[in-house]
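Chain residues, written in single-letter form:
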Amino acid sequence: MKKIAPSILSADFGRLGEEIAAVEAAGADWIHIDVMDGHFVPNITIGAPVVQSLRKYTRLPFDVHLMIDQPEAYLDAFLDAGSDVLTVHLEAANHLHRTISHIKERGIRAGVSVNPATPLSHLENILPDLDLLLIMTVNPGFGGQQFIDSMLPKIRKARTMISAAAPHVLIEVDGGINRENISTVARAGADVLVAGSAVFSSDHYGQTLAAMRSALKCPPDCVFPTA
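Report follows, based on the coordinates. (Residues numbered from 1 in each chain as written. Predicted model: local features only at pLDDT ≥ 70, side-chain atom pairs only at ≥ 80, totals over all residues. Heavy atoms only, no water.)

## Some thoughts on the overall build of the chain
Then, in step 1: Counting its regular elements, the chain contains 8 helices and 8 strands.
Then, in step 2: For 227 residues, the compact-globule estimate of 2.2 N^0.38 gives 17 Å, and the chain sits close to it at 16 Å.
Then, in step 3: Judged by the C-alpha coordinates and their principal axes, the chain covers about 45 × 40 × 30 Å.
Then, in step 4: When contacts within the chain are restricted to residue pairs at least 6 apart in sequence, long-range pairs at least 24 apart make up 64% of them.
Then, in step 5: Taken as a whole, the chain presents about 10,100 Å² of accessible surface, with 50% of it coming from carbon and sulfur.
Then, in step 6: Taking the 18 positively charged and 25 negatively charged side chains of the chain as two groups, their mean positions are separated by 6 Å. (Helix = DSSP H or I, 4+ residues; strand = E, 2+ residues; numbered from the N terminus. Rg over C-alpha atoms; globule rule 2.2 N^0.38 Å. Contact = heavy atoms within 4.5 Å. Areas by Shrake-Rupley, 256 points an atom, 1.4 Å probe, with all protein chains shown as cover. Lys, Arg positive; Asp, Glu negative; His and termini not counted. Charge placed at Lys NZ, Arg CZ, Asp CG, Glu CD.)

## Remarks on the packing of helix H1 (residues 16-26) against helix H8 (residues 205-216)
Helix packing geometry: the angle between the two helix axes and the distance between the axes.
Then, in step 1: Contact geometry for H1 and H8: axes closest at 8 Å, N-to-C directions at 45°. Viewed along their axes, H1 and H8 adopt a mutual orientation that is oblique. Once H1 is placed against H8, the crossing between them reads as right-handed. Residues Glu19, Ala22, Val23 and Ala26 of H1 form the contact with H8, whose participating residues are Tyr205, Gly206 and Leu209.
Then, in step 2: Along the lines of polarity and charge, the residues of the contact of H1 with H8 split into 5 nonpolar, 1 polar and 1 charged. (Axes fitted to C-alpha atoms, helices over the stretch in contact; angles between N-to-C directions. Parallel < 35°, antiparallel > 145°, perpendicular 65-115°, else oblique. Left-handed = near helix turned anticlockwise from the far one by under 90°. Nonpolar A, V, L, I, M, F, W, Y, C, P; charged D, E, K, R; others polar.)

## Considerations on the packing of aromatic side chains
Then, in step 1: All chains considered together, the criterion is met by 1 aromatic pair.
Then, in step 2: On the numbers, 5.3 Å between centres and 75° between planes, the contact of Phe200 with Tyr205 is edge-to-face.
Then, in step 3: With a relative accessible area of 16%, Tyr205 lands in the buried category. (Phe/Tyr/Trp six-rings, centres within 6.5 Å; stacked < 30°, edge-to-face > 60°. Buried < 20%, exposed > 50% of the residue type's maximum accessible area, 1.4 Å probe, protein only.)

## A closer look at the nonpolar core
Then, in step 1: Among the nonpolar cores identified, the biggest contains 66 residues, and Ile8, Ile33, Val64, Leu66, Leu133 and Val185 are the most heavily contacted of them.
Then, in step 2: Per element, the largest residue contribution to this core is 5 residues, and it comes from H8.
Then, in step 3: Within the second largest apolar cluster, 9 residues are counted, among which are Trp30, Leu134, Met136 and Val194. (Core = buried A, V, L, I, M, F, W, Y, C linked by side-chain atoms within 4.5 Å.)

## Quick word on the environment of Gln70
Then, in step 1: Within the secondary structure layout, Gln70 lies in the loop between strand E3 (62-67) and helix H3 (75-80).
Then, in step 2: Between the alpha carbons of Gln70 and Ala26 there is a distance of 35 Å; along the sequence they are 44 residues apart.

## Quick look at H1
Then, in step 1: Those residues of H1 that sit buried are Leu16, Gly17, Glu19, Ile20, Val23 and Ala26.
Then, in step 2: Of the surrounding secondary structure, the elements contacted by the buried residues of H1 are strand E1 (3-6), strand E2 (31-36), helix H2 (48-54), helix H7 (197-200) and H8.
Then, in step 3: Of the residues flanking the end of H1, it is Gly27, one or two places downstream, whose phi is positive at about 115°.

## Digging into the pairing of strand E8 (residues 192-195)
As a general feature of sheets, a regular strand has side chains that alternate between the two faces.
Then, in step 1: Where burial is concerned, the two faces of E8 agree: the one with Val192 and Val194 and the one with Leu193 and Ala195 are both buried.
Then, in step 2: One ladder, built from 4 bridges, connects E1 with E8; its direction is parallel. Looking at the pairing, Ala5 lines up with Val194 of E8.
Then, in step 3: Bridging between strand E7 (residues 170-174) and E8 involves 3 bridges; their strand directions are parallel. Pairing of Asp174 across the sheet is with Val194, part of E8. (Pairing = 2+ DSSP bridges.)

## Points about the pattern of salt bridges
Then, in step 1: Tallied over the full model, the rule gives 8 salt bridges.
Then, in step 2: With a shortest N-O distance of 2.9 Å, Asp84 and Arg55 are connected by a salt bridge. Note that Asp84 is positioned in the loop between H3 and strand E4 (85-89) and Arg55 in the loop between H2 and E3, a separation of 29 residues in sequence.
Then, in step 3: Notably, a salt bridge pairs Asp80 with Arg106, separated by 2.6 Å at the nearest N-O pair. (Salt bridge = Lys/Arg side-chain N within 4 Å of Asp/Glu carboxyl O.)

It is worth stressing that arrangement in space is one thing and function is another; only the former is reported here.
In structure tokens form, the structure reads like this:
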């Protein structure tokens, strides 16, 4: 079953615990947490102590996405903080195999993320070791960006690669996902769909997530209502 992971990057940072509890009640599957360091990406968000403090607000899996340089130096901090999935960027990890191995040795699912301009061919030697491949469909660092349509063929290619070499690996897609495009992205091959501003900027989280769930069941030729 396809999973929807609201990204708290677009939530109200003054009441993150309440926001997480609200999207859990609204029907979210995972909680996506973007960690930014001001180096690998322009913005700075939260660190491991904040992730740990949020753990008590939900039983949903924490899908922690490290958009940081030298992620290997911070793995244990985020693993100890309550991560259920920990994803690092291929472009930022100096020793990717060692990093993935360390995460999995801790009993946590390990993911690798790739930016829009990064070819999937760079994953060839690590793909079977992963639990999750996160494909960025915006340039990372800011919420509320528009989905890059040219990433759809990349998602399809990833689906083909994974089906052939590592069928256990989930494909997650992050960037510009909304109720109008979620079914198209899912049909391209996504298993986990990250939605930030589309959820947290809406007036009713439950209705928004229900609409997205309905769209995921929509056949290829249907037209999803916008009103």
